[in-house]
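Each chain is listed here by its residues.
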Amino acid sequence: MITFVWAEDENGVIGLNGELPWSLPNDMKFFKEVTLTGNVLMGRKTLESIPNPPLKNRINVVMTRDDTYEADEVIVMNDRESVLILAESMDKPLHIIGGADIFNLFIDDVDKLYRTLIHEKFQGDTYMPEINYNNFKMIESREGLLDEKNRHAHTFQIFERIAK
Ligand SMILES: NC(=O)c1ccc[n+]([C@@H]2O[C@H](COP(=O)([O-])OP(=O)(O)OC[C@H]3O[C@@H](n4cnc5c(N)ncnc54)[C@H](OP(=O)(O)O)[C@@H]3O)[C@@H](O)[C@H]2O)c1
């Protein structure tokens, strides 16, 4: 199974200057809980935005077009087909964690969506590609709790694919 796990603002912004535009520890916690149920796939830029890669206790797969690229404890893949074969061979979900290029590449393959919707508008330079939500059914929606460290109103949503 292939999933997407991401957070976006009201305009679909997901990134700014190679980083997340917001600080939302609750979402990091949710991200960790979800992705620990499987393995993770990300683009080279997203890998390089993680402070101490790889993400622990998950197989980390990175996509790059550079066939000489190396990163410690990370599987490097150069094309979509190899990733699909790998995902098929895994007994756990392959969670795709971005960024935009990689979401776009697997937009027709994804089975389940974990979207954190942040109810604000941020400055950004990277956007979530358009998803046809007619092909998905929302199975869960839960408001995130706000506190001193989590000041941006947000909703955790889970969707399952119902049509191709
Ligand atoms: N809000 C969220 O949930 C979220 C999630 C993830 C990332 N982000 C943010 O998004 C930004 C990074 O995303 P991004 O879209 O710029 O980059 P990205 O998708 O993480 O990485 C792009 C790289 O992936 C490789 N790639 C892309 N298409 C490929 C293909 N068809 N085959 C093989 N390799 C391919 C290329 O690497 P090479 O250049 O090495 O060839 C490309 O430069 C950051 O700001 C990050 O913080 C946000």
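Model, not experiment: these values are computed from the prediction. (Residues numbered from 1 in each chain as written. Predicted model: local features only at pLDDT ≥ 70, side-chain atom pairs only at ≥ 80, totals over all residues. Heavy atoms only, no water.)

Q: Would you mind going over helix α3 (residues 80–89) with me for this structure?
A: Because the α-helix completes a turn every 3.6 residues, residues three or four places apart line up on one side. For α3, the set of buried residues is V83, L86 and A87. Buried residues of α3 fall within an arc of 100° about the axis and therefore sit on the same side. In α3, the exposed positions that point more than 90 degrees away from the buried face belong to I85, E88 and S89. Buried residues along α3 sit against β1 (2–8), β3 (39–43), β4 (60–63), β5 (75–77) and β6 (94–96). Capping the start of α3 is the job of one residue whose side-chain oxygen sits 3.3 Å from the backbone nitrogen of E81: D79. (Buried < 20%, exposed > 50% of the residue type's maximum accessible area, 1.4 Å probe, protein only. Helix = DSSP H or I, 4+ residues; strand = E, 2+ residues; numbered from the N terminus. Arc of directions from axis to C-beta. Contact = heavy atoms within 4.5 Å. Polar contact = N/O pair within 3.5 Å; in protein donor to acceptor, adjacent residues only side chain to side chain.)

Q: Is there a simple way to explain helix α1 (residues 25–35) in this structure?
A: Within α1, burial applies to D27, F30, F31, V34 and T35. Buried positions in α1, seen along its axis, are confined to an arc of 120° and lie on one side of it. Among the structural elements, β1, β3, β6, β7 (112–118), β9 (136–143) and β10 (154–161) are those in contact with the buried residues of α1.

Q: Where do I start with the packing of aromatic side chains in this structure?
A: Aromatic ring pairs are defined here through the distance separating the ring centres and the angle between the ring planes. Scanning all chains against the criterion turns up seven aromatic pairs. By the ring-pair criterion, three or more aromatic residues cluster together here, those being F4, W6 and F103. (Phe/Tyr/Trp six-rings, centres within 6.5 Å; stacked < 30°, edge-to-face > 60°.)

Q: How should the site of the ligand be read in this particular structure?
A: As a matter of local geometry, the ligand sits amid 26 residues, with A7, R44, T46, T64 and R65 nearest to it. Between the ligand and the protein, one listed contact pairs an oxygen atom with a backbone N or O atom of R65 at 2.8 Å. For the ligand, whose accessible area on its own is 940 Å², the fraction buried by protein is 87%. More than half of the atoms of the ligand fall within 2 Å of the grid points belonging to the largest pocket. At the level of secondary structure, the elements contributing two or more residues to the shell around the ligand comprise β1, β2 (13–15), α2 (44–49) and α4 (100–105). A per-element tally of the shell around the ligand places α4 first, with four residues. For the shell around the ligand, the class distribution of residues is 11 nonpolar, nine polar and six charged. (Near = heavy atom within 4 Å. Areas by Shrake-Rupley, 256 points an atom, 1.4 Å probe, with all protein chains shown as cover. 1 Å grid on protein atoms, 1.4 Å probe; cavity = no way out; pocket = protein on both sides within 12 Å on 5 of 7 lines; lining within 4 Å. Sits in = over half its atoms within 2 Å of the grid points. Nonpolar A, V, L, I, M, F, W, Y, C, P; charged D, E, K, R; others polar.)

Q: Any chance you could explain the nonpolar core here in plain terms?
A: The nonpolar side chains of a soluble globular protein tend to be buried with one another. One finds F4, W6, L41, I96, F106, L113 and I131 to be the most contacted residues of the largest nonpolar core, which totals 25 residues. Broken down by secondary-structure element, the contributors of at least two residues to this core are β1, β4, α3, β6 and α4. With sequence-adjacent residues up to four places away left out, W6 is seen in contact with I14, F103, L113, Y114, R115, T116, M128, I131 and Y133. One finds V40, L47, I97 and Y114 within the second-largest nonpolar core, a separate group that totals 16 residues. (Core = buried A, V, L, I, M, F, W, Y, C linked by side-chain atoms within 4.5 Å.)

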